[in-house]
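# A look at the structure
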There are 2 protein chains.
Amino acid sequence: MYRTHTCGCLTLRDAGQTVTLAGWVQRMRDLGGMTFIDLRDRYGITQLTFNMETQPGLCAEARRLGREFVLQVTGTVCERSNKNPKIPTGDIEIHVTELRVLNAALVPPFTIEDDTDGGDELRMRYRYLDLRRAMVRKNIELRHRIAQETRRYLDDHQFLEIETPVLIKSTPEGARDFVVPSRMNPGQFYALPQSPQQYKQLLMVSGFDRYFQIVKCFRDEDLRADRQPEFTQIDCEMSFVEQDDVLQLFEGLIKHLFKKIKGIEFKEPFRRMPYSEAMSLYGSDKPDLRFDMKICDLTQLVKGKGFGIFDQAPYIGGICVPGAAAYSRKQTDELTDFVKSPQVGASGLVYVKWNADGTFKSSVDKFYTPDDLRRWMEAAGASAGDLMLVLSGPADRTRVQLGQLRLEMGNRLGLRSKDEFKPLWVVDFPLFEWDEETQRFYAMHHPFTSPRPEDIQYFETDPGRMAAAAYDCVMNGVELGGGSIRIHDADVQQKMFAALGFTPEQAEEQFGFLMHAFQYGAPPHGGIAFGFDRLVSMMAGLDSIRDTIAFPKNNAGRDVMSNSPAPLDASQLRELHIAVTE
Amino acid sequence: MYRTHTCGCLTLRDAGQTVTLAGWVQRMRDLGGMTFIDLRDRYGITQLTFNMETQPGLCAEARRLGREFVLQVTGTVCERSNKNPKIPTGDIEIHVTELRVLNAALVPPFTIEDDTDGGDELRMRYRYLDLRRAMVRKNIELRHRIAQETRRYLDDHQFLEIETPVLIKSTPEGARDFVVPSRMNPGQFYALPQSPQQYKQLLMVSGFDRYFQIVKCFRDEDLRADRQPEFTQIDCEMSFVEQDDVLQLFEGLIKHLFKKIKGIEFKEPFRRMPYSEAMSLYGSDKPDLRFDMKICDLTQLVKGKGFGIFDQAPYIGGICVPGAAAYSRKQTDELTDFVKSPQVGASGLVYVKWNADGTFKSSVDKFYTPDDLRRWMEAAGASAGDLMLVLSGPADRTRVQLGQLRLEMGNRLGLRSKDEFKPLWVVDFPLFEWDEETQRFYAMHHPFTSPRPEDIQYFETDPGRMAAAAYDCVMNGVELGGGSIRIHDADVQQKMFAALGFTPEQAEEQFGFLMHAFQYGAPPHGGIAFGFDRLVSMMAGLDSIRDTIAFPKNNAGRDVMSNSPAPLDASQLRELHIAVTE
């Protein structure tokens, strides 16, 4: 071992001891007769001192070192005259008597500091140096702890961690698969799993009762800001359970993690909100409950006063922004620009100000009296000093736009603190989504999701009204996880496939081996999968999942550090029985 | 929840309680007025009774059930008259009052028993049913426990579990990569990792100090009996350590696992055996120490008596088989056939019997006197009643053949018990292997393996004599894991590449980003990787790793359950910019 202690553990109690440390040069300062070096390792920073008077050779040597050199030093632990209360080792320093350079280092292309001078692109190319920064390292350490506590909780609840295959069969339904040509089976391909869905259901058929896995999944999608081609799930499945059992158990997991990792106790049960309520009050199936500002349906209130846009709109809704009546023209213009931006797509914004003096001012004063406006605002629970923002159009689309505006106002008013966590379950999702273009139903979750028992009767008559026994775990406007009770009854599964427009042959072709398995005694079962990267990102207070991943890929799916993907040798392609076509 | 208890937990203490159970029909018996059903779940088996006299309807219904039907039953826990001491629930039975069939089941194609009537092929096709068998399930449960205990130990020793990418850069050196065409980067490919070797070394450069991962790795090799295209490693790396630190820490892991999981304590430190000793005494770099029967070098002893084969052979060695002097002609013929078989490849076998009466009998009596033979046998530590088996030829090859013969004799004599575990470290591996065909050195481990410090001086003069700071953890003739101290010094790495015949350009092309990283302050580091499937297989007493894997592939790399790999749609290939060439 190159050290007796780490750089994070020495305190005044060790004063007088001779110790050996190893680590990286974080900082150097020459102060006349003394040279100070901050030596860094994963565990902390310890100050080293070299004295020009008593050890001129050693001190001269120390002065020739550079940032990020790797050192081994031996010396005596001494009390500091100038203590640093910000770090655990701040009371002591090491008077160095032996110095060994374990490795030299080129000057890093950016500073290894939380507040680094390196741009995103540069830090990704030198990710191994970026990972040295304390704030990046802490995220990876947090990820480790969340993983260990997740396993501990699930192990304590009789879940078995079972590895499912990475080289599986490609299924055309859903997002695109990454595929792997098989050398031993010419012309044939494996796929990488988008999730272990079918395997975990097979494990329930096998009687494993409770399964989990923290597992890599793969999706060949055009990447958006917060997507990675490979991502990690906490994947779980249970037998002989109903929806409520799953929610309770995994609510317990989230509570366990927040308590153990962040010292935060959620004392109340998580709220359970039907999908329809989430959409009508928050314009989102993942409502951010850190602030109120619910959407108020004004449709009936605003009609018939001669304002054509509202009179013709199928839906009019508004949100009340507390204390914002004093917004300037510039500010309301900004909000109009926001709702008209492509990512929101509204055609315009109506505002009403209930001024502190009790008067009203709106962009539709021509059509509505102060009494009219007061009625709108009272409907939304507003009072003097508040601002109401109103959008109109088709109900579903307008609610989503109001939901986006609501989040924007939450940001502007500083109502979305990263230190506050508001979990809930969104339940009773629709079983099907209707697609106008292809004129067919699609499964909102996947074709194995069970309807709520009370809705099974509507398969033939009114599939659009059916709700699924599906649930999402939502926190602060982010979907942390989701799942469902699965169909275990062959008849129900047939009806599901029929409603989705699958012929029996297509269902057999795509899901054959799972369907076969179900004929041999499938138990009632259900499960959930949490986005592990997202969960870590939430608990770390990060904006992107990328910072929770040691070696992430960029938005083009490239690893700029190793320069991958890359072309293959012709001989490699030949062995795999494939050719590049363009 | 469909149950109040599992099928494994009820005992006499629960007598009189009303309980609800759910599970599968393991067995049914009609005994006149009573019907008995064994209900099975992951946790055990509970006997259900149905009484024709008191509940004729329910009993008749029970008689219509079949094997592997999924039931939910409610009833009263009662003491059995006919107790079964072999199972924890054997003192009680459930007098059923309510029966609900949760799912019917087709008759399974083989019996769900430890001693099943299903052949290998059939069981793999219906792996989800095979997994219901207790002996298969127990292996998967054991695997879970070993994984959890491994993480606990490593977490307790400050290791961080860090996920490394699955979509990485292809490296031509070594075994074949599985590759993944990139849709977004036409003509380019990712590779699946054969191990996270380079990433874990980068993590050391990043200062993570101690890393581990239980991780899937991939090798596109022609599969032998005990190989899988995807397999799992316990992958570890540590900074600021020397070989002895790594051995101690991971010896601790193995001891921890055997103690926690099997209740076996290894009290002594693991033996450390140099590679050269393992090869000369056991003919193997993974010696099975459950029995002695060491190889004895007879080269000097047997020369010069006119037996041409021995006189011309560069090496003659033998093993002494205790108590086997009475072997029949048939038995020695079998052994001759064994050594001449293609997998051993010797040209013949010489035997010497030291009979119980003190006389000698050998297949070379024409050339050697009884005194000669006695000297050979005494050299090998034999005594009257023993059999000596002698092979000759080039030293390295002959030792390996003797090693194979030794294991065969160990099997024949029943000296290789699955309940006995003999761990050791094999150390001081050669740094290089010389390949006659290509007339160059290859790295015996990989090009980042450090030579022993004392051997660095021989890079230019005599690379063949250099030993590596590399080590294997061996148990019962199986390599459980292996690793090395890595090169962290750029000069040493240059010399290594030079010795391997890499031009600087080739080294840059293949290992560029790792080499660059090393310039920015690489700490001394080393690590190890254990074959997780093999470790589980060893602890479970299995002959194959396949039985430790929930969904293994067959020897052609196929999953016969899902029928994968499979052809892709033309449109999928087009999107990926590839075509199948044959």
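Everything that follows concerns the structure shown earlier in this document.
Values in this document were obtained by computation on a predicted structure and should not be read as measured data. (Residues numbered from 1 in each chain as written. Chains lettered and ligands numbered in written order. Predicted model: local features only at pLDDT ≥ 70, side-chain atom pairs only at ≥ 80, totals over all residues. Heavy atoms only, no water.)

Attention now moves to the interface of chain B and chain A. Facing the 121 residues of chain B at the interface are 121 residues of chain A. Between chain B and chain A lies a buried interface of about 11,200 Å² when both sides are counted; carbon and sulfur atoms form 58% of it. In terms of surface lost to chain A, no three residues of chain B exceed Glu163, Phe240 and Tyr520 of chain B, which account for 8% of the buried area on that side. Where chain B packs against chain A, one counts 14 salt bridges. (Contact = heavy atoms within 4.5 Å. Buried area = accessible area lost by both parts, 1.4 Å probe. Salt bridge = Lys/Arg side-chain N within 4 Å of Asp/Glu carboxyl O.)

Time to look at the relation of the copies chain B and chain A. Of the transformation superimposing chain B on chain A, the axial component is 0.0 Å and the angular component is 180 degrees, with the fit at an RMSD of 0.1 Å. Taken together, the rotation angle and the small translation identify this as a two-fold axis. Here 100% of the contact residues of chain B are again contact residues in chain A; the copies associate through an equivalent surface. (Least-squares fit on C-alpha atoms with pLDDT ≥ 70 in both.)

Attention now goes to the environment of Pro269 of chain A. Residue and element names in this part refer to chain A. Along the chain, Pro269 turns up in the loop between helix H6 (243-262) and strand E11 (271-274). It is 62 Å that separates the C-alpha atoms of Pro269 and Glu61, two residues lying 208 residues apart in sequence. In contact with Pro269, other than residues within four places in its own chain, are Glu251 and Lys255. (Helix = DSSP H or I, 4+ residues; strand = E, 2+ residues; numbered from the N terminus.)

Moving on: the packing of helix H4 (residues 134-156) of chain B against helix H15 (residues 532-540) of chain B. Residue and element names in this part refer to chain B. Running from N to C, H4 and H15 point in directions that differ by 115 degrees, and their axes come no closer than 10 Å. Remark: the crossing between H4 and H15 carries right-handed chirality. Contacts from Asn139, Leu142, Arg143, Ile146 and Ala147 in H4 reach Phe532, Asp533, Leu535, Val536, Met539 and Ala540 in H15. Each residue belonging to the contact of H4 with H15 can be placed in one class, and the counts come to eight nonpolar, one polar and two charged. (Axes fitted to C-alpha atoms, helices over the stretch in contact; angles between N-to-C directions. Left-handed = near helix turned anticlockwise from the far one by under 90°. Nonpolar A, V, L, I, M, F, W, Y, C, P; charged D, E, K, R; others polar.)

Here we come to the environment of Arg452 of chain B. Residues and elements named next belong to chain B. Along the polypeptide, Arg452 turns up in the loop between strand E19 (440-443) and strand E20 (470-475). Since its relative accessible area comes to 22%, Arg452 is described here as partly exposed. Separated by 17 residues in sequence, Arg452 and Ala469 have C-alpha atoms that sit 4.8 Å apart. In contact with Arg452, not counting residues within four places along its chain, are Asp428, Ala467, Ala468 and Ala469. (Buried < 20%, exposed > 50% of the residue type's maximum accessible area, 1.4 Å probe, protein only.)

On to the environment of Arg183 of chain B. Locating Arg183 of chain B in the fold gives a position in the loop between strand E7 (179-181) and strand E8 (189-191). The class of Arg183 of chain B is buried, set by a relative accessible area of 11%. Considered as a pair, Arg183 of chain B and Gln17 of chain B are 166 residues apart in the sequence and their alpha carbons are 61 Å apart. In contact with Arg183 of chain B, other than residues within four places in its own chain, are Arg176, Asp220, Glu221 and Asp222 of chain A together with Glu575, Leu576 and His577 of chain B.

Of note, Thr548 of chain B is situated in the loop between H15 and helix H16 (570-575). For Thr548 of chain B, the side chain forms a polar contact with the main-chain oxygen of Ile545 of chain B, separated by 2.7 Å. (Polar contact = N/O pair within 3.5 Å; in protein donor to acceptor, adjacent residues only side chain to side chain.)

This part covers the sheet that holds strand E14 (residues 350-354) of chain A. To summarise the sheet geometry, strands pair through backbone hydrogen bonds and adopt either a parallel or an antiparallel arrangement. Residues and elements named next belong to chain A. Strand order in the open sheet made by the five strands is E12-E13-E16-E14-E15, with antiparallel pairing throughout. Because the sheet does not close on itself, it has two edges, and the strands there are strand E12 (295-297) and strand E15 (360-362). Sheet twist, expressed as the mean angle between neighbouring strand axes with direction ignored, is 25 degrees. (Pairing = 2+ DSSP bridges.)

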